[in-house]
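# Structural description and commentary
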Amino acid sequence: MPLRLGCQRRRFGSMSSQSRRCSCLIAVLTTVALAGLVLVAPQRADAAKQRARKQATSNAARAAIHAAAASSPTLGTCHTGSLPGGVELPRAGPGLHRLSAVRDRGTGFGSPRLVAYALNVAQRLAELPAHRGVALRVGNMSAQGGGNIRWSHSHAAGRDVDFPLFVLDGAGRPASPDTFVSLDGDGRGTYHRRHYRFDAPRTWNLVASLLTDQAVDVAQLYLSEPLTRQVLAAAAAAGAGA
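The notes below deal with the structure included here.

With 40 residues, the main nonpolar core has Leu 25, Leu 136, Phe 163, Leu 165, Leu 206, Leu 210 and Leu 221 as its most contacted residues. It is helix H3 (residues 112-126) that provides the largest number of residues to this core, a total of 7 residues. Ignoring any residue separated from it by four or fewer positions in sequence, one finds Leu 206 in contact with Leu 25, Val 121, Leu 125, Leu 136, Phe 163 and Phe 166. One finds Ile 26, Val 28, Cys 78 and Leu 99 within the second-largest nonpolar core, a separate group that totals 7 residues.

Structure representation (structure tokens):
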């Protein structure tokens, strides 16, 4: 069950207990665009009038859907939606680095709000002493136009983004591998014979920055349960109330 971090509708959740390894923190924004149609059954109308009204309602529904697609940057759910108004995240910016491992996938698109959000979070982190020289790495977002991508079960509507976890190298120094590093329940992992371990304090700084951005509403953050416990311990050590 997700753990709330002090703000309604902003949740810090855990992946299924079946997920034994983890390489990124997934941030999901709430739905940006909503379109609703209310259908009222006609009363005391003959069959011909009912058919005419149904046809008019159907035409109105199609027009509403097309209008929403033209005006909204993101439609549907994160699993089955689309991204008619997406923009691409820059490959680099102040405090930000898109993994070269995902650049050729074409999964660097998001809603304008999500892209601005990622850039703002990266810039705020870069201003913290602990993050100077340690860029926020960004993995998969969405494909241009949205839809399913082969590397994820979501990421269809430009509202979720993978942030590779902050890690330390074997000597305990901040490391920025240009790829995802899969970590076990103890927060340790190896990539190309290089050893890494989870950097919970810097990851907590990321979580805090994600949840305190006033421009967006975060639906959920996903991280494996063992690493979630480490992040919450880092939050407590930093004096943050859960």
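And the narrative resumes.
Attention now goes to the sheet that holds strand E13 (residues 194-198). Taken together, 4 strands build an open sheet; the order of strands is E11-E10-E13-E12 and the sheet is antiparallel. At either margin of the open sheet sits one strand with a lone partner, and together these are strand E11 (174-175) and strand E12 (188-191). Pairing analysis gives 2 bridges linking strand E10 (residues 167-168) to E11, with the strands arranged antiparallel. Bridging across to E11, Leu 168 finds its partner in Pro 174.

The next thing to look at is the sheet that holds strand E6 (residues 96-98). The strands making up a sheet associate through backbone hydrogen bonding, with each pair oriented either parallel or antiparallel. Strand order in the open sheet made by the 3 strands is E5-E6-E8, with mixed pairing throughout. In this open sheet, the two edge strands, each paired with only one partner strand, are strand E5 (92-93) and strand E8 (136-138). Where E5 meets E6, 2 bridges bridge the pair, whose relative direction is antiparallel. What sits directly across from Gly 93, in E6, is Leu 96. Strands E6 and E8 of the sheet are contacted by H3, whose axis makes an angle of about 155° with E8.

Right, let's talk about the packing of H3 against helix H4 (residues 200-212) for a bit. Between H3 and H4, the shortest axis-to-axis distance is 10 Å and the interhelical angle comes to 130°. As summarised for this structure, H3 and H4 are arranged oblique, according to the angle between their axes. Handedness of the crossing formed by H3 with H4: right-handed. Two secondary-structure elements touch here, H3 through Tyr 117, Val 121, Arg 124 and Leu 125 and H4 through Asn 205, Leu 206, Ser 209 and Leu 210. Of the residues in the contact of H3 with H4, the class split is 5 nonpolar, 2 polar and 1 charged.

Parameters at a glance
Residues numbered from 1 in each chain as written. Predicted model: local features only at pLDDT ≥ 70, side-chain atom pairs only at ≥ 80, totals over all residues. Heavy atoms only, no water. Core = buried A, V, L, I, M, F, W, Y, C linked by side-chain atoms within 4.5 Å. Buried < 20%, exposed > 50% of the residue type's maximum accessible area, 1.4 Å probe, protein only. Helix = DSSP H or I, 4+ residues; strand = E, 2+ residues; numbered from the N terminus. Contact = heavy atoms within 4.5 Å. Pairing = 2+ DSSP bridges. Axes fitted to C-alpha atoms, helices over the stretch in contact; angles between N-to-C directions. Parallel < 35°, antiparallel > 145°, perpendicular 65-115°, else oblique. Left-handed = near helix turned anticlockwise from the far one by under 90°. Nonpolar A, V, L, I, M, F, W, Y, C, P; charged D, E, K, R; others polar.

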